[in-house]
Amino acid sequence: MTAKLITQFNNDHERLREMCLHIRQGLSTGITTERIRHYVDWASKKFLIPHIQKEEEFLTHQYKNTRIKRAMANHRRILRLLTCSCEDIKVLNLLEEELEVHINFEENIVYKEIEENSLPTKNDAHFGSSEGFNPQWNDPFWED
């Protein structure tokens, strides 16, 4: 069951990579940070925050090591960036970079270690892909 759950989390990560790409495209083409911020706020509520919550519940109940602690610290930094009152362009750049690095860390280190040690888990069934993410955001600025 753990392998199936990790696959679901990896699928979620693909959506998050799209979010990062949309932020990068918007910033590089001069889209107003207000438009990008509205998208980030929407995607965070619909997808990013629920994903982090499910992932943390899974990781903290099953595994305890320094890599898991680092993943949790990364989550805290990402969540702080979502509520930061700093200048939007700086926050958006940092958010996109932090999220991309974090996803790579989880997939290439944390998840691989979990799969290699494949311990039986308590109840993976209630974890799953985050619901409610609609890639059809009503202002696809990245297509401008």
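Structure: see above.
Bear in mind that the values here come from a model prediction, so they are computed numbers and not experimental data.

Some points on the packing of aromatic side chains
- A complete count under the given rule lists six aromatic pairs for this structure.
- Aromatic side chains phenylalanine 9 and phenylalanine 58 sit 6.0 Å apart centroid to centroid with 55° between the ring planes, which places their arrangement in the tilted category. With phenylalanine 9 in helix H1 (residues 2-28) and phenylalanine 58 in helix H2 (residues 33-62), this pair connects stretches of sequence that are 49 residues apart.
- Since its relative accessible area comes to 0%, phenylalanine 58 is described here as buried.
- Between the aromatic rings of tyrosine 39 and phenylalanine 141, the centroid separation amounts to 5.5 Å while the plane-to-plane angle is 80°, which identifies the pairing as edge-to-face. Here phenylalanine 141 lies in the segment after helix H4 (88-117) and tyrosine 39 lies in helix H2, a separation of 102 residues in the sequence.
- Judged by its relative accessible area of 2%, tyrosine 39 is buried.

Remarks on the packing of H1 against H4
- The geometry of H1 relative to H4 is characterised by a closest axis approach of 10 Å and an angle of 160° between their N-to-C directions. Considered as vectors, H1 and H4 are oriented roughly antiparallel to each other. Remark: the crossing between H1 and H4 carries left-handed chirality.

So, the pattern of salt bridges
- Applying the stated criterion across every chain yields a total of 10 salt bridges.
- A salt bridge links glutamate 96 to arginine 24; the nearest nitrogen and oxygen atoms lie 2.3 Å apart. In this pair, glutamate 96 sits in helix H4 while arginine 24 sits in helix H1, placing the two residues 72 residues apart along the sequence.
- On the basis of relative accessible area, arginine 24 is assigned to the partly exposed category, the value being 34%.
- Between aspartate 139 and arginine 35 there is a salt bridge, with its nearest N and O atoms 2.7 Å apart. Remark: arginine 35 occurs in helix H2 and aspartate 139 occurs in the segment after H4; sequence separation between them is 104 residues.
- By relative accessible area, which is 25% here, arginine 35 ends up partly exposed.
- One network of salt bridges, with partners in common, ties together Glu14, Arg17, Arg24, Glu96, Glu100 and Glu107.

Definitions and limits used
- Residues numbered from 1 in each chain as written.
- Predicted model: local features only at pLDDT ≥ 70, side-chain atom pairs only at ≥ 80, totals over all residues.
- Heavy atoms only, no water.
- Phe/Tyr/Trp six-rings, centres within 6.5 Å; stacked < 30°, edge-to-face > 60°.
- Helix = DSSP H or I, 4+ residues; strand = E, 2+ residues; numbered from the N terminus.
- Buried < 20%, exposed > 50% of the residue type's maximum accessible area, 1.4 Å probe, protein only.
- Axes fitted to C-alpha atoms, helices over the stretch in contact; angles between N-to-C directions.
- Parallel < 35°, antiparallel > 145°, perpendicular 65-115°, else oblique.
- Left-handed = near helix turned anticlockwise from the far one by under 90°.
- Salt bridge = Lys/Arg side-chain N within 4 Å of Asp/Glu carboxyl O.

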